[in-house]
Amino acid sequence: MRIAYLDCSTGISGDMTLGALVDAGVDPDQICAGIDSLGLPGVKLTFSSTIKGGFHATYVTIEHPEQHAHRHLSDIVSILKQSDKLTPRQYELALSLFSAIAGAEAKVHGSTIDKVHFHEVGAIDSIVDIVGVAIGFDLLGVEQVLCSPVPTGFGQIKIDHGICTVPAPGTAELLKGIPLADIPIQAELTTPTGAAIVSTLVDRFCMLPPMTIEEIGYGAGTKNFPERANLLRLFVGEVATPAHTDYVTLLETNLDDISGEIIGHTKQKLLAAGALDVFSTAIQMKKDRPAVMLSVICKPESVEQLEAILFQETETLGIRRHQLQRSIRARKPHQVTTAWGEVAGKLSLGPNYQSIFTPEYEACAELAATHQLSLRTVYRSAEAAFLLEGSAETAFESGAHAPHDHDHDHDHDHDHDHDHDHDHDHDHDHDHDHDHDHDHDHDHDHDHDHDH
């Protein structure tokens, strides 16, 4: 599995992340083209080589005219929608980052996401950083993002409302639940944008995992520290998947304006296209609207094809993606002989290496129809035939302990106990009709200059 690992030895900011992505091999021209497509006048993004603490790194420079606008989330959405270059995934990643920051600022200022002002994060350079990072991670093409514990630094900084301690309130809100590191540097090491990146894009926080490194990128910060190189290091490479686990993608979309027939039709198309499982859940959306959440479990390489089906058949405005690791039992095809004929099934390895035979529904149904038997009778006969086989205890010898010999032939009669406790009550309607009265002066307290 291809992963990215963020080594935040001196914190993380938007420009450092963008520099590390380019240094790791992401095409800077594609990032610049995406930024140009936002229609921001006089904005120029450049990447240059620099030496930081004796190490080569990539430094990001953003040139733009002086501006004093305090933007709302709806203003940011309008800017994103101007682009004809951003892919749907890049748009969603960028919007997720801005929404995370808006949510944190709304919480600390007692406001709402729609009414809170972006100050520093709504400035042109921060917009460029965030959109550039969204483009960069999409182009990087990794299945998971991992991260080290995150240092915040210490001391005091001046913000719009006066002096406050590091981390600033909005940054601290974004860092809830994230392991922090104690680095003795008196400075703001992690900015609001950096905190949004780790809280939104990172799947797991850990030390550097066992991996085969393909690329290493270094993104340079602005400040210089006497005893540490102010760098963000990005590892890109492959991690081996243990034999008893694999990785799948969970796709989810909330539907409140669609008939049951269309949902059923969509499920059948998804299964035919290679989905491992498709299921629906009754949910309650905003304004107490009853709705259905359609969930699809699939291999990561099938995501684009299955998302295309979801968009086409349901006309949904947004699809959530979650990368999941699942535990699986080793299995292989197996046949037994009953009084009425052969029954195909799967042989899996249960607890204490006990072999478990599961008859296939289609095979049992065919015999039941042919001999005018109940389906349950054929099932029981097949299970009994397996128990009488003398090879039951040795069925998994000679290489059968290979969980990746999965013949995913979609026998969806089984209980797929994927315990997805993801608490997805995010109402991703992405209609962005922010008809809000933006007279609210909810001052975002990140007026300080994040020269990290």
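Structure: see above.
Owing to the predicted nature of the structure, the values given are computational and were not obtained by experimental measurement.

### Things to note about the environment of P65
Thought 1: Assignment of secondary structure puts P65 in the loop between β3 (55–63) and α3 (73–81).
Thought 2: In this structure, the C-alpha to C-alpha distance between P65 and V43, residues 22 residues apart in sequence, is 7.3 Å.
Thought 3: With near-sequence residues (within four places) excluded, P65 lies in contact with P41 and G42.

### Brief notes about the pattern of salt bridges
Thought 1: Inspection of the entire model under this criterion finds 13 salt bridges.
Thought 2: For the salt bridge of E252 with R320, the shortest nitrogen-to-oxygen distance reads 3.5 Å. With E252 in strand β12 (residues 245–255) and R320 in strand β15 (residues 320–327), the pair connects residues that are 68 residues apart, well separated along the chain. Comparing E252 with R320 shows no difference in burial state: the two are buried.
Thought 3: The closest approach of N and O atoms between R321 and E307, which form a salt bridge, is 2.8 Å. Residue R321 is found in strand β15, and its partner E307 is found in helix α9 (residues 303–314); the two are separated by 14 residues along the sequence.
Thought 4: If you follow the salt bridges from partner to partner, you end up with K107, E173 and K176 in one network.

### Examining the sheet that holds β12
Thought 1: Across the sheet, four strands lie side by side as β13-β14-β12-β15; this open sheet has antiparallel pairing. Of all the strands in the sheet, just β13 (277–284) and β15 have a single pairing partner and so form its edges. The sheet shows a mean angle of 25 degrees between the axes of neighbouring strands, direction not considered.
Thought 2: Judged from the eight bridges that link them, β12 and β15 form a sheet pairing that is antiparallel. Bridge pairing in β15 links L251 to R321.
Thought 3: Along the sheet, helix α8 (residues 260–272) makes contact with β12, β13 and β14 (290–298), crossing β14 at roughly 5 degrees.

### Focus on the pairing of strand β4 (residues 144–147)
Thought 1: Across the two faces of β4 the burial is the same, with Q144 and L146 and V145 and C147 all buried.
Thought 2: Pairing between strand β1 (residues 2–7) and β4: four bridges, direction parallel. Each bridged residue has a counterpart across the sheet, and for L6 the counterpart in β4 is C147.
Thought 3: Note that β4 and strand β9 (residues 204–205) share two bridges and pair parallel. Within β9, the position partnered with C147 by the bridge is F205.

### Points about the packing of helix α1 (residues 14–23) against helix α5 (residues 124–140)
Thought 1: Running from N to C, α1 and α5 point in directions that differ by 30 degrees, and their axes come no closer than 9 Å. Classified by the angle between their axes, α1 and α5 sit roughly parallel to one another. In the packing of α1 onto α5, the handedness of the crossing is left-handed. Within the contact between the two elements, α1 uses G14, D15, T17, L18 and L21 and α5 uses V128, D129, G132, V133, G136, F137 and L140.
Thought 2: Split into classes, the residues belonging to the contact of α1 with α5 amount to six nonpolar, four polar and two charged.

### Some remarks on the nonpolar core
Thought 1: If you look at the biggest cluster of nonpolar residues, it comprises 64 residues, and the most contacted ones within it are L6, L38, L45, L80, V131, L140 and L234.
Thought 2: Examining the composition of this core, we find that eleven residues originate from one element, helix α4 (residues 88–109), more than from any other.
Thought 3: Not counting the four nearest positions on each side in its chain, L80 is found in contact with L38, L86, Y91, A94, L95, F98 and V131.
Thought 4: Counting 15 residues, the second-largest nonpolar core is a separate cluster that includes L270, V296, C298 and I319.

### Things to note about the packing of aromatic side chains
Thought 1: Evaluation of the coordinates by the stated rule reveals two aromatic pairs.
Thought 2: Taking 6.3 Å as the distance between ring centres and 55 degrees as the angle between the ring planes, the aromatic pair formed by Y5 and F235 counts as tilted. Taken together, the positions of Y5 in strand β1 and F235 in strand β11 (residues 231–238) put the pair 230 residues apart, joining distant regions of the chain. Just as Y5 is buried, F235 falls in that class too.

### A look at the side chain of D7
Thought 1: Mapping D7 onto the fold places it in strand β1.
Thought 2: The buried category is assigned to D7, whose relative accessible area is 15%.
Thought 3: Apart from residues no more than four positions distant in its own chain, D7 is found in contact with S148, L231, L232, R233 and F235.

### Focus on α9
Thought 1: An ideal rise of 1.5 Å per residue puts 16 Å on twelve residues; α9 measures up with 16 Å between its terminal C-alpha atoms.
Thought 2: Those residues of α9 that are buried lie in contact with β12, α8, β14 and β15.
Thought 3: In the stretch just after α9, E315 is the one whose phi turns positive, near 55 degrees.

### Regarding the packing of α5 against helix α7 (residues 192–201)
Thought 1: At their nearest, the axes of α5 and α7 sit 11 Å apart, and the two run at 30 degrees to each other. Between α5 and α7, the angle falls in the class roughly parallel. Of the two possible hands of crossing, α5 and α7 adopt the one that is right-handed. Taken together, the residues of α7 that come into contact with α5 (itself represented by S126, I130, V133 and F137) are T193, I197 and L201.
Thought 2: Its residues assigned to classes, the contact of α5 with α7 shows five nonpolar, two polar and no charged.

### Concerning helix α10 (residues 361–371)
Residue pairs three or four apart in sequence face the same way in an α-helix, which turns once every 3.6 residues.
Thought 1: Burial in α10 covers these residues: A363, C364, L367 and A368. Each buried residue of α10 lies within a common arc of 130 degrees when the element is viewed along its axis, so the set occupies one face. Exposed side chains of α10 directed beyond 90 degrees from the buried face belong to E366, A369 and T370.

### Side note on the environment of K85
Thought 1: Residue position: K85 is located in the loop between α3 and α4.
Thought 2: Each C-alpha atom, one on K85 and one on G34, is 5.5 Å from the other, the two residues being 51 residues apart in sequence.
Thought 3: Non-local contacts of K85, meaning those with residues more than four positions away in its chain, are made with A33, G34, S37 and Q90.

About the cut-offs
Residues numbered from 1 in each chain as written. Predicted model: local features only at pLDDT ≥ 70, side-chain atom pairs only at ≥ 80, totals over all residues. Heavy atoms only, no water. Helix = DSSP H or I, 4+ residues; strand = E, 2+ residues; numbered from the N terminus. Contact = heavy atoms within 4.5 Å. Salt bridge = Lys/Arg side-chain N within 4 Å of Asp/Glu carboxyl O. Buried < 20%, exposed > 50% of the residue type's maximum accessible area, 1.4 Å probe, protein only. Pairing = 2+ DSSP bridges. Axes fitted to C-alpha atoms, helices over the stretch in contact; angles between N-to-C directions. Parallel < 35°, antiparallel > 145°, perpendicular 65-115°, else oblique. Left-handed = near helix turned anticlockwise from the far one by under 90°. Nonpolar A, V, L, I, M, F, W, Y, C, P; charged D, E, K, R; others polar. Core = buried A, V, L, I, M, F, W, Y, C linked by side-chain atoms within 4.5 Å. Phe/Tyr/Trp six-rings, centres within 6.5 Å; stacked < 30°, edge-to-face > 60°. Expected span 1.5 Å × (residues − 1). Arc of directions from axis to C-beta.

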